[in-house]
Every structure is written in C-alpha cells, then in structure tokens.
Amino acid sequence: MKVTVVGGGPAGLYFSLLLKKTQPDHDVAIYERNPEGATYGWGVVFSDRTLTSFREADYKTYTQITDNFIIWDSIDVCYRDEVLRCGGQVFSGISRKTLLGLLHARCDELGVTIEHQREMGPDDVEGDLVVAADGVHSVLREANAEHFKPRFVSGSSRYIWFGTERTFDSFTFAFRANDDGFFQAHAYPFDGQMSTFIVECDDASWRAAGLDAATEAESIAYCEALFAPELRGHALRSNNSKWIRFETLKNSSWHNDNMVLIGDSAHTAHFSIGSGTKLAMEDAISLANALETKGTVEAALTEYQLDRKPRVERFQEAARQSQTYFENTRLYQHMEPLQFAFHLLSRSGRIDYDDLRLRDRGFVGAVDRWFTASASSAASSSSAPAPAIAAPPSFAPLSIGGKTIPNRIAVTARHDLESAAATGAGLVFTDLVAVSEHARVSFDTPALLSTEIGQRWLGSSDVRSDETAGVTTVVTLGHSGARGATRPRDRMADVPLPPEETWGLLAASPIPYTSHSQVPFEMDRRYMDDVTEDFVTAATHAREAGWDMLELHMGHGYLLGSFISPLTNRRADDYGGAIEARLRYPLEVLDAVRSVWAGPLGVALNVSDWAPGGTTLREAVTTARSFTEHGCHFIRVLAGQTTAKHRPHYDEYFLTHYADRIRNEVGIVTIATGDITTVDHANTILAGGRADICLLRSLA
Ligand SMILES: Cc1cc2nc3c(=O)[nH]c(=O)nc-3n(C[C@H](O)[C@H](O)[C@H](O)COP(=O)(O)OP(=O)(O)OC[C@H]3O[C@@H](n4cnc5c(N)ncnc54)[C@H](O)[C@@H]3O)c2cc1C
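Residues numbered from 1 in each chain as written. Predicted model: local features only at pLDDT ≥ 70, side-chain atom pairs only at ≥ 80, totals over all residues. Heavy atoms only, no water.

Visitor: Looking at this structure, how should I read the sheet that holds strand β17 (residues 255–256)?
Guide: Adjacent strands of a sheet pair through backbone hydrogen bonds, lying either parallel or antiparallel. Reading across from one edge, β8-β2-β1-β9-β18-β17 is the order of the 6 strands in this open sheet, with mixed pairing throughout. Each edge of the sheet is formed by a strand with only one pairing partner; in this case those strands are β8 (113–115) and β17. Pairing of β17 with strand β18 (residues 259–261), which is carried by 2 bridges, proceeds in the antiparallel orientation. If you follow H255 over to β18, its bridge partner there is V260. Lying on the sheet, helix α1 (residues 10–22) is in contact with β1 (2–6), β2 (27–31), β8 and β9 (129–132); it crosses β2 at an angle near 170 degrees. (Pairing = 2+ DSSP bridges. Helix = DSSP H or I, 4+ residues; strand = E, 2+ residues; numbered from the N terminus. Contact = heavy atoms within 4.5 Å. Axes fitted to C-alpha atoms, helices over the stretch in contact; angles between N-to-C directions.)

Right under this line is the structure:
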C-alpha cells in the first residue's frame, strides 16, 4: 500500500513509524514543508506521566521520550504576591525539538521516507491512503471542507508564546493586576535549561496595555516588566511570537474516501490542559491499529473515527472549561489566594476536591481551614458554634439574610419535610407551590391558600428550624403561567387537561408552551395586579405559618419567568422589549412580596433558556444584579424549559459555570443545581467559590 502523509509534526511522524513498524511492506512517505530541525514552539507538557498507550505502541520511542522528560509534581499559583503550591500533580515536559528529533530518527530507522521543504497542495497527494497531518490550518482538510465540515470557535483572550532560561521547578501559573488590567502567565520547564512561558490576557487588558499595536520587542519588554518577580532577571525569548487567539477546531467527519485527518487537522484543545500532542499521538496509535486489524482502508478509517472522535470530544469539553476559566480570570480577583488557587486547580471539571485531597492533603487541609474560618466569622453574628476543627466546605455554616444555616447542602422535599430533614441537609426547598388555584401546574400542585395549609405542611415542630440547628425551610412560590392546566407530571409533562377540566392561562404574551397547549392570555394591568396580590397573600400565609425563607420561581417558562425571557415576552408595552423592561413586572412582584416578608428572600432564575434567541448569561447577570438591588438575598440557578423546544446541555457540573458567573460577578449568595449528586462534587463547587450552596439531586 502507498501511504502519503502530509505534515511532519508529532501526528505525522508517530503514525508513520507505527504503521511502518507493524506493516513494513507499506510504502510510507512524509512530506513536510519546513526544513529538517526547524520547529515552532518551546516545550510540550504531558499531563499524565504514564502515557501507557505510547509504551504499548512502540517501546523504543516511549523510553526515548520518557528518558528526555523533565518531571515535576507540583503546581504553583502566584497570586497577590503569594505562591501557593499544590503537589501530587504529575506533569512531564519535553522540548518539541527533541520529541520531533527522536520520532524522526525512529522513522528513518524503520524505513519511512521523509521529504523536507516540500509544500503539498490538494492536487499533489496520491496513494492508497492520504493522511492529513498538516496541522490546524490543514490545506487538505480545507480543500474537502464540504465533507469534513470543520468548525472553528475563536477564544476571546489573547496569548503569546515565549521561552525563557528561567527553569521553573513546577507548573507555574502567575497572575498580575496593573492599571491596564489582569494578565496571566503559564510557565513550565521542558529540558532542564529552558521553560515555556505563555502570557495571556483578556481583550480589554490587551488593548489598554497597547499590546494590540506593539512590536514583538515591545511585547517582550512589557511582559518581562510585568512578570519580573517570576522571571527573576531572566529574559523572554522570542519564537516568532505573536499575540493570537486560540482556535478550537471540530470536524463533523474525520475521513473522506482515502483521506483521513489526524492530530491538529482534526481537532484542537486549549493549550492550558496540555493535551494537543498527546491527542495527536493517540490518534496516530488508533489509526495505525485500525489499519493493522481491519481488512480495508474504508473499514479502518471508520473504525478510527469511532474510536477517537468521542474520546477527543470529551477532552475538548474539559479544555473548553479550562479555556473559559482563563478567559475570565479577572472575575475572580476578589477571591482570597487559597480559594483562587483551588478554583484554578479544579477548573476543567476533571479534578475534584477528593482528587486534590489525595494529591496534596496539606493543600486541601489549608483550603478547609481557610473556608471554615471565613464561614464561621461571616456567620458569627449568629449563635452557631464555631467548628473546633476544619471540616470540608459542605459542612460550613452560612448566613443568608440574617438567618444562619448549619451547612451548605440543600435538597428538595419530594414527599414530606420530615424525610427531607432526615438527610441532614441544611436547607430544604419545596417544589413549586402555587399562589392560587389557577396558578397550579396541575391538580396535584400544592397551593398555599391559607396559613393553616402552610402550618400543616411544616408538620411537627422537630423539623422546624431554630437559629442554630435543624433544617431551614424554603417555600418556593410561583405561578405556572403558560404551563398550567396540565395533567399530573408523573406520566408526562405539559400534556393539557381535557377541555372540561381546564382553566384559562395567563402569560406575558399569548404564546402556547407546546403546539398542543392552550394559548394563554396576555396579562393586562388588571391581571397583573391580581397575580401580584396572590403572591402577597401567599407570602403572608408563608410568614404566618412559620417558613424560614421564601423563594420566587422565575424560571422554567412559568409566569414570572415568561416576562424575563425574550422567547416568551413579545409585549409592545412598558413590560416588553429590553431586559430592563422585561424585568419590570417580576420586580414589582418581588417588591410587593418584600413588603410583607421580612425574612430571607430568593429567586429561582433561568440563567439560560438553552434555546436560540433566549436569555443569555450576560442578561442573567443584569437580572440577578437588579434583584439584589431590590433586596433579594439569594439566586438559585436554573436553565431550560422556557420553551418546549429547548435543547438541554447536560454534562458534569452543567449548571455550575452559570452559578460561578452569577456569584462572582454579582456577589450574591448563589445556589448551584444540576445533577449534583455527591458531597465531593459539592465540596469542589463550594471550595472553588463557584456557589455558596449546592442543591443535591433529590435525596428525599
Ligand atoms: C500555545 C500552544 C501551546 C501548546 N502547548 C502544548 C503542550 O504543552 N502540550 C501539548 O501536548 N500540546 C501543546 N500544544 C498543541 C500541540 O502543539 C499540537 O497539538 C501538536 O503539535 C499537534 O501535532 P500535529 O502533528 O497534529 O500538528 P503540527 O505539530 O502542527 O504539525 C503539522 C505539520 O505539518 C506541516 N505542514 C502544514 N501544512 C503543510 C503542507 N501543506 N505541506 C507540507 N507540510 C505541511 C507543518 O509545517 C507542521 O510541521 C500547544 C499549542 C499551542 C498553540
């Protein structure tokens, strides 16, 4: 078989040597545009020392690579002139030049032909198999773009890649604030004499510093001055360095006829999780294996894509989270150093609290002590006893609107408060409680029509909270709006009641929830006043019955949420249009409830509708800020269900990054929701300051 490989980077070289090793009869030729030995980049870091798959694929290169590794096991976070070290991380680095050199030598040894300074175009390639290992700007892929369907997403921050002779003894993240903005450096050693030094910042800081117009020498001078404490007198070395944005690439298909994409031509993942070279080399292993085990090129390419694409997409998701973190670091400048460092270390969702504790008990112990001490001092106005020892963050008390809850775990009571209280959660929420009969979702929706009903739900006094112990109860008041008058949800949600049982629905605009749903009335002033009155009456019942906290449901397509979302609010009056106008009625209700409810008051808010044209996170921040200004004490973060056509995006921590933005941009107590199932998961969220409370998926 004649195999043409375009690109002599890690993907092309490694694939070629593996194929030639297992199938020596194949004619394998690499075409590389650069001269031999010329390469961009300083060092490559592998986040996993074992690289087991490399060992199995070709032991010789594996030992050569690992023999050249610089290995270190700690991450240093330099922030506000403190250096916080977290050990047990296991990183290895190698110079890109060394890596390519040894792969090249192994190719020579096995009989792979390598032609340098040969620029290949789509018309130059021939053979039974064409491997496009020509990097992120692959011309072969672009010539077949209608088949591969590449999609690029540009990062919002700017970065520049340097080298330095300062040899760091850890993976170092350094953060510096100055009058221009907030900047960070990612630095790691790679050959005992040099380190990679990448400087990154948000667009506003970059422009304010004049780096948009700076020459390479001016950029170097600026970064050297900024990171002088970390560089300790060493210079930054240029590498044809330019300020660029990171481009994340995905392709719908990875092969077409006899052409296949591997490495960066198929996918990229943000450099901050250090996996691009590893992914490229793992692609090479998978493709070589598939060609060895499958009878035809077509079957092998299908097998390769099935094996690799889902794995790479998981990495890309972790990389996206890490990239988002680094694009928004200025939001976290208010955090104390230990929390800032914990947040950074757990940014991609791949390392959680328990992992970090296994890696470095001392570091997590320090985080626990700091968290416990700051939580205790914040709650010290209450009679809650200060914990004698540092406990994980879930067990720290929290004061909300003058009420102290004993821990940071919340649950929703699905059946009764007693069983919810038995979980030990500090906060117990009701499901939606309707403010009137016609505010119900269905016949089985509870409605708080009298103080006695509220008292009955609260049950025996031993589940009622006092200031220091026991459960704190939260009643969630709402109006179903366009989602009302449906059958009980235990069989299927949003199925309308038959005509003889139904009632008229109200909403911001006359938009039915599903195509089968009743068209709601657009609320006029009279209906708005009536509904406000219902909220006030129900809040009064809740107060008299003895609930500890009250929450207004403003998400999931219910009535108040229907005013906030542009998808469900098409009003032409003062209550529709810009976000400030769409918020007007929900704020009127909040103010009215506030006038009869003096205790802690919160809002369950959709921070995204998961639908095109819906609420954006930016708007949700504005909304949460307005609620805070109107006396709201906490926000519970929700998403989706504004329209039946929403497209949920579920992954681990899927609502946490929204909670993170609300908490850290608005500074309000934030409750994270969304499939949080373990206390470890909750500790990760809380220790990193992504939320103040975690609502665990129903335990009760
Ligand atoms: C700032 C930054 C930091 C990074 N840090 C790390 C890290 O620490 N760890 C890590 O694992 N990865 C890192 N990466 C990613 C890593 O560099 C890439 O994922 C990896 O090099 C991909 O290998 P590849 O062989 O697919 O592509 P490349 O290494 O890009 O190789 C492609 C080759 O094809 C050649 N070529 C292109 N077009 C043609 C043509 N038409 N004809 C002939 N030859 C052609 C190019 O000259 C090049 O040699 C980083 C990336 C960036 C941007």
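Past the structure itself, the notes keep going.
Visitor: I tried to follow the domain arrangement of the chain on my own but got confused; where do I start?
Guide: A common way to report how large an interface is uses the accessible area buried once the components associate. With domains assigned, the chain is organised as domain 1 (1–68 + 94–149 + 248–327), domain 2 (156–245) and domain 3 (405–695). Between domain 1 and domain 3, the C-alpha centre-to-centre distance is 49 Å. (Domains from an automatic or database assignment.)

Visitor: Would you mind going over the nonpolar core with me for this structure?
Guide: The tendency in soluble globular proteins is for nonpolar side chains to be buried as a group. Counting 82 residues, the largest nonpolar core has L477, L550, Y585, F627 and I635 as its most contacted members. At 8 residues, the largest contribution of residues to this core is made by helix α17 (residues 525–545). Residues within four places of Y585 in sequence aside, it is in contact with M523, M528, V531, T532, L559, L560, F563 and Y575. (Core = buried A, V, L, I, M, F, W, Y, C linked by side-chain atoms within 4.5 Å. Buried < 20%, exposed > 50% of the residue type's maximum accessible area, 1.4 Å probe, protein only.)

Visitor: Any chance you could explain the site of the ligand here in plain terms?
Guide: Taken together, the neighbourhood of the ligand is formed by 34 residues, with A11, E32, R96, D264 and T277 sitting nearest. The side chain of N34 places a nitrogen or oxygen atom 3.4 Å from an oxygen atom of the ligand. Within the backbone of T277, a nitrogen or oxygen atom sits 2.7 Å from an oxygen atom of the ligand. About the coverage of the ligand: the protein hides 92% of its 990 Å² of free accessible area. At the level of elements, α1, β3 (43–46), β11 (158–164) and α10 (276–293) are the ones that each hand at least two residues to the shell around the ligand. (Near = heavy atom within 4 Å. Polar contact = N/O pair within 3.5 Å; in protein donor to acceptor, adjacent residues only side chain to side chain. Areas by Shrake-Rupley, 256 points an atom, 1.4 Å probe, with all protein chains shown as cover.)

Visitor: I would appreciate a short explanation of the packing of aromatic side chains in the present structure.
Guide: The geometry of an aromatic ring pair comes down to the distance between the two centres and the angle between the two planes. The final tally for this structure, using the stated rule, is 29 aromatic pairs. Seen in terms of ring centroids, F443 and W503 are 6.0 Å apart; in terms of plane orientation they differ by 65 degrees. Their pairing is edge-to-face. With F443 in the loop between β22 (427–434) and α16 (451–458) and W503 in the loop between β23 (472–478) and β24 (506–507), this pair connects stretches of sequence that are 60 residues apart. For W503, a relative accessible area of 8% translates into the label buried. Following the ring pairs from residue to residue traces out a cluster consisting of W72, F91, F171, F173, Y188, Y325, F326 and Y332. Positioned above the aromatic ring of Y527 is the side chain of R526, whose terminal nitrogen or guanidinium carbon lies 5.0 Å from the ring centre. Between the NZ or CZ atom of R636 and the centre of the ring of F429, over which it lies, the distance is 4.9 Å. (Phe/Tyr/Trp six-rings, centres within 6.5 Å; stacked < 30°, edge-to-face > 60°. Lys NZ or Arg CZ within 6 Å of the ring centre and 35° of its normal.)

Visitor: Please explain unusual backbone geometry as it appears in this structure.
Guide: With the exception of glycine, the majority of residues adopt a negative phi angle, and the majority of peptide bonds are in the trans configuration. The phi dihedral of V90 is positive, around 60 degrees, even though this residue is not glycine. Topologically, V90 is positioned in the loop between β6 (82–86) and β7 (91–95). A relative accessible area of 26% places V90 in the partly exposed class. Look at R232: it is not a glycine, yet its phi comes out positive at around 50 degrees.

Visitor: What's the story with a negative patch on the surface in this structure? I'm lost.
Guide: A cluster of acidic side chains, namely E522, D524, D530 and E533, defines a negative patch on the protein surface. Take E533: it is sitting in helix α17. E533 gets classed as partly exposed once you look at its relative accessible area, which sits at 48%. (Patch = residues over 30% accessible without salt bridge, like charges linked within 9 Å, V, L, I, M, F, W, Y side chains within 5 Å. Salt bridge = Lys/Arg side-chain N within 4 Å of Asp/Glu carboxyl O. Lys, Arg positive; Asp, Glu negative; His and termini not counted. Charge placed at Lys NZ, Arg CZ, Asp CG, Glu CD.)

Visitor: How should I be thinking about α1 in this particular structure?
Guide: What sets the pattern is the α-helix's 3.6 residues per turn: residues three or four places apart point alike. Between its terminal C-alpha atoms α1 stretches 18 Å, which fits the 18 Å expected from 13 residues at 1.5 Å a residue. The buried fraction of α1 amounts to 11 of the 13 residues, a majority that puts the element mostly inside the structure. Turning to α1, its buried residues number three or more, namely P10, A11, G12, L13, Y14, F15, S16, L17, L18, L19 and K20. (Expected span 1.5 Å × (residues − 1).)

Visitor: Help me understand the pattern of salt bridges in this model?
Guide: Two side chains bearing opposite charge may form a pair once their charged atoms approach each other closely. The tally for this structure, following the rule as stated, stands at 40 salt bridges. When the shortest N-O distance is used, the salt bridge between D203 and R158 registers 2.9 Å. In this pair, D203 sits in helix α7 (residues 203–208) while R158 sits in strand β11, placing the two residues 45 residues apart along the sequence. On the basis of relative accessibility, which here comes to 11%, the residue R158 falls in the buried class. Note that E165 and R237 form a salt bridge whose closest N and O atoms lie 2.9 Å from each other. Of this pair, E165 sits in the loop between β11 and β12 (171–178) while R237 is found in strand β15 (residues 236–237), placing the two residues 72 residues apart along the sequence. We classify E165 as partly exposed; its relative accessible area is 34%. Put simply, K21, D58, K60, R106 and E109 are held in one network by salt bridges that share partners.

Visitor: Honestly, the pairing of strand β13 (residues 181–189) in this entry has me stumped. Any pointers?
Guide: Each regular strand displays side chains that alternate between the two surfaces of the sheet. For β13, a buried count of 9 out of 9 residues is recorded, marking the element as mostly surrounded by other parts of the structure. Sheet analysis places β12 next to β13, joined by 7 bridges and oriented antiparallel. Residue pairing across strands places F173 opposite H186, the latter belonging to β13. Between β12 and β13, which follow one another and run antiparallel, lie 2 residues. Bridge analysis of β13 against strand β14 (residues 195–201) gives 7 bridges, and the strand direction is antiparallel. Bridge assignment links H186 to a residue of β14, and that residue is I198.

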